[in-house]
Amino acid sequence: MRHILLTLLFIGSSCQLLFAKDGYTVNLKFTDLKDQKVFLAHYYGKPLPTIYKVDSATIDSKGMGVLQTNTKIIGGMYLLILEDNSSYTEFLLDNGQTMDMTITKAKLPLGVTFKNSPENDRFQQYVAFLDKVGKQHRELTESLAGAKTAKDTAVIQDKFRALSVDVSRFRDDYVQKNPNTLLANIFRALETPEVPELKKEDGTIDNDARYRWYKEHYWDNIAFEDERIVYTPLLGNKLQEYFGKLVLAIPDTFNAEADALIKKARASREVFKYVVHWITTYAQESDIMGMDAVFVHIVENYYMKGEAYWLSSGTLEKYVERARSIAPNVIGNIAPELKLQQMDGKEVSLHNVDAKYTLVVFWSPDCGHCEEEIPRIDSAIKAEGLYKKGMKVIGVNIDRETEKWQRIIKNKNLDNWIHLYDPERKSDFRAKYDVYGTPSVYLLDGKKIIRGKKLDHQNMLTVIEILEGKVSSKN
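As the structure is a computational prediction, the values presented were derived from the model and not from experiment.

Caption draft 1: Structural view of the sheet that holds strand β8 (residues 112–115). Read across the sheet, 4 strands follow the order β4-β1-β7-β8 without closing on themselves; strand pairing throughout is mixed. The outermost strands of the open sheet, each flanked by one partner alone, are β4 (64–69) and β8. The mean inter-strand angle of the sheet, taken between neighbouring strand axes irrespective of direction, is 20°. Bridging between strand β7 (residues 97–103) and β8 involves 4 bridges; their strand directions are antiparallel.

Caption draft 2: A look at the confidence of the model for the protein chain. On average, residues of the protein chain score 91 in pLDDT, and 94% of them reach the 70 mark or higher. With pLDDT under 50 throughout, residues 4–19 is counted as low confidence; its partners more than four residues away or in other chains account for 42 contacts.

Caption draft 3: Just helix α9 (residues 292–303), in detail. Along its 12 residues, α9 runs 15 Å from first to last C-alpha, staying within 8% of the 16 Å computed at 1.5 Å per residue. The buried count for α9 comes to 10 of 12 residues, which makes it a mostly enclosed element. Three or more residues of α9 are buried, namely Asp292, Ala293, Val294, Phe295, Val296, His297, Ile298, Val299, Tyr302 and Tyr303. Taken together, the buried residues of α9 touch α7 (251–265), α8 (269–285), α10 (313–326) and β15 (450–453).

Caption draft 4: Representation of the nonpolar core in the model. Ranked by internal contacts, the top residues of the largest apolar core, which has 96 residues, are Leu28, Phe243 and Ile279. No other element matches the 9 residues that α8 contributes to this core. Not counting the four nearest positions on each side in its chain, Leu28 is found in contact with Val38, Ile59, Gly63, Met64, Gly65, Leu67, Leu80, Met101 and Ile103. In this structure, Trp363, Leu386, Ile408 and Met460 belong to the second largest nonpolar core, which totals 28 residues.

Caption draft 5: Geometry of the pattern of salt bridges. Summed over the entire model, instances satisfying the criterion amount to 19 salt bridges. Ionic pairing is found between Lys356 and Glu468, a salt bridge with its closest N-O pair at 3.3 Å. With a gap of 112 residues between them, Lys356 in the loop between β10 (347–349) and β11 (357–363) and Glu468 in helix α14 (residues 459–474) connect regions that are remote in the sequence. Taking relative accessible area as the criterion, Glu468 reaches 28% and is therefore assigned partly exposed. The salt bridge involving Asp445 is made with Arg451; its shortest N-O contact spans 2.9 Å. According to the relative accessible area criterion, Asp445 is buried, its value standing at 12%. Classification of Arg451 by relative accessible area gives partly exposed; the value is 30%. Via salt bridges that share partners, Asp94, Asp226 and Arg228 belong to a single interconnected network.

Caption draft 6: Layout of the sheet that holds strand β5 (residues 76–82). Taken in spatial order, the 4 strands line up as β3-β2-β5-β6 in an open sheet, and their pairing is antiparallel. Among the strands making up the open sheet, the edge pair consists of β3 (50–59) and β6 (88–93). Here the average twist between neighbouring strands, direction ignored, is 30°. Taken together, the 6 bridges between β5 and β6 define a ladder with antiparallel strand orientation. Looking at β6, one finds that Met77 is bridged to Leu92. Across the sheet, helix α2 (residues 118–145) is in contact with β5 and β6; its angle to β6 comes to roughly 140°.

Caption draft 7: Expanded view of the packing of helix α5 (residues 207–216) against helix α6 (residues 234–246). One can describe the packing of α5 onto α6 by two numbers: an axis separation of 12 Å at closest approach and a directional angle of 150°. Put simply, α5 runs roughly antiparallel to α6. Considering how the two elements wind past one another, α5 and α6 form a crossing that is left-handed. On the side of α5, the interface is formed by Tyr211, Tyr214 and Lys215, while α6 contributes Glu241, Tyr242 and Leu246.

Caption draft 8: Spotlight on helix α4 (residues 182–190). Here α4 lies mainly inside the structure; 8 of its 9 residues are buried. Considered for burial, the residues of α4 that qualify are Leu182, Leu183, Ala184, Asn185, Ile186, Phe187, Ala189 and Leu190.

Caption draft 9: Structural detail: the pairing of β11. Of all 7 residues in β11, 7 are buried; the element is thus mostly enclosed. The side-chain alternation of β11 yields two buried faces, one formed by Tyr357, Leu359, Val361 and Trp363 and the other by Thr358, Val360 and Phe362. At this point the chain moves from β11, through helix α11 (residues 368–383), to the parallel strand β12 (residues 391–397), and the crossover so formed is right-handed. Both β11 and strand β14 (residues 440–444) contribute to a ladder of 5 bridges, which runs antiparallel. By the bridge assignment, Phe362 is partnered in β14 with Ser440.

Caption draft 10: Representation of the pairing of β14. Counting buried residues along β14, 5 of its 5 residues qualify, which places the element largely inside the surrounding structure. Burial along β14 is two-sided: Ser440, Tyr442 and Leu444 facing one way and Val441 and Leu443 facing the other are all buried. Following β14, the chain reverses through 5 residues before pairing antiparallel with β15; Lys448 in that reversal takes a positive phi of roughly 65°.

Caption draft 11: Molecular detail of the packing of aromatic side chains. All chains considered together, the criterion is met by 28 aromatic pairs. Seen from their ring centres, Trp219 and Tyr242 are 5.3 Å apart, and the 65° between their planes marks the pair as edge-to-face. You can see Trp219 sitting in the loop between α5 and α6 and its partner Tyr242 sitting in helix α6, a full 23 residues away along the chain. Residue classification places Tyr242 among the buried residues on the basis of a relative accessible area of 4%. Site record: aromatic cluster; members linked through ring pairs are Tyr214, Tyr218, Trp219, Phe224, Tyr242, Phe243, Phe254, Trp278 and Tyr282.

Caption draft 12: Looking closely at the environment of Asn237. Among the structural elements, Asn237 can be located in helix α6. On the basis of relative accessible area, Asn237 is assigned to the partly exposed category, the value being 32%.

Caption draft 13: Examining the environment of Lys159 more closely. Positionally, Lys159 belongs in helix α3 (residues 150–177). Between the alpha carbons of Lys159 and Glu337 there is a distance of 66 Å; along the sequence they are 178 residues apart.

Calculation rules
Residues numbered from 1 in each chain as written. Predicted model: local features only at pLDDT ≥ 70, side-chain atom pairs only at ≥ 80, totals over all residues. Heavy atoms only, no water. Pairing = 2+ DSSP bridges. Helix = DSSP H or I, 4+ residues; strand = E, 2+ residues; numbered from the N terminus. Axes fitted to C-alpha atoms, helices over the stretch in contact; angles between N-to-C directions. pLDDT = per-residue confidence, 0-100. Contact = heavy atoms within 4.5 Å. Expected span 1.5 Å × (residues − 1). Buried < 20%, exposed > 50% of the residue type's maximum accessible area, 1.4 Å probe, protein only. Core = buried A, V, L, I, M, F, W, Y, C linked by side-chain atoms within 4.5 Å. Salt bridge = Lys/Arg side-chain N within 4 Å of Asp/Glu carboxyl O. Parallel < 35°, antiparallel > 145°, perpendicular 65-115°, else oblique. Left-handed = near helix turned anticlockwise from the far one by under 90°. Right-handed = clockwise from strand over helix to strand, strands pointing away. Phe/Tyr/Trp six-rings, centres within 6.5 Å; stacked < 30°, edge-to-face > 60°.

Encoded structure:
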């Protein structure tokens, strides 16, 4: 489902009323629909904005229905979704508001009029304006495809720029006439900071300085004090762009940026909750190596300090337990000691294995993916000559079974590996290394510091190349 407000981003309330009660009353009147259910929904980040249905009403035989609650709500951009789940319209709703909507299904998302909601009247004017601009944009796109000369192309591109100026002018005019409204705050946030033409001493454009300026001013137009922005698609998309494109995915850097943004978000209790939850989910779901350290940082500095007020005690404890299980094996820490047995019963200490790099591979003889990936790891190491350069591989059988384990070692020619297991379960390797799936691969340097985790045969080599590059640059 594409939302109206952000459809045309490429080109381009607090109504100051005191309401007597919490909740809302929205009287619905359809001109061409009856005997159906409709739904009230809002946006929320996860980390990308997701639509959540929160209420419903039945439209009777006369096309009438009511959405109503006395429970306090967060205002924002809401959606009225029809029973087919494809027809909808967006509108603005505040806590304590009472208004009427007259809707023509055949014209959705247009074809909606309001009573007792001036800001929605203005919002509908914007929607109609965007619809007009969208048609012009499509016509110009068709013309551009048929342009035969550079002159024709330049003329069309000028018209594109003019459309963008029209949209910006519409928004700027609205903000000036209706300051501090939700729609004004959304319009301000949609404006991209205009980066100055920063130059180096030799007069050339300084792109690094321009990038830093843009990042420093990225959040300038966000009304963090307005809790209603959490119920729009705006904040989640801004967070996704900022942390996905502008912030380096290096734990220390990411954590510093996250802390700075969370400090801004404290302007509103709900915005603080949204931003902390968003960053937590982003770090938890990321497949970028090292982001688990960000998850630990957020839990330790916010959840464990009693600031995650929205969580039940049971859910909070799950986050804390997860962070504690990850914390010992984040990148940059010394790898937890393991004392495991070889097949002959001889004990081997991980910290006593002398190697420039140590690859620790937790795997199971019953894991089909392990049987495919482990020979690839071995082949990659041999192809790069890493065994000769001082790498050692410790293969840890996470099961107690030995017959199939030995058979695979022989069939896959894993003679270069140090093969260990823990038949009496004394080492607690699962907790120390967060082993809940196989294969689980860690790369340690000569000091047994974790330099990579959750690796495969390809990114393992990439990490080593980076480390070798760092070593070379220092010498």
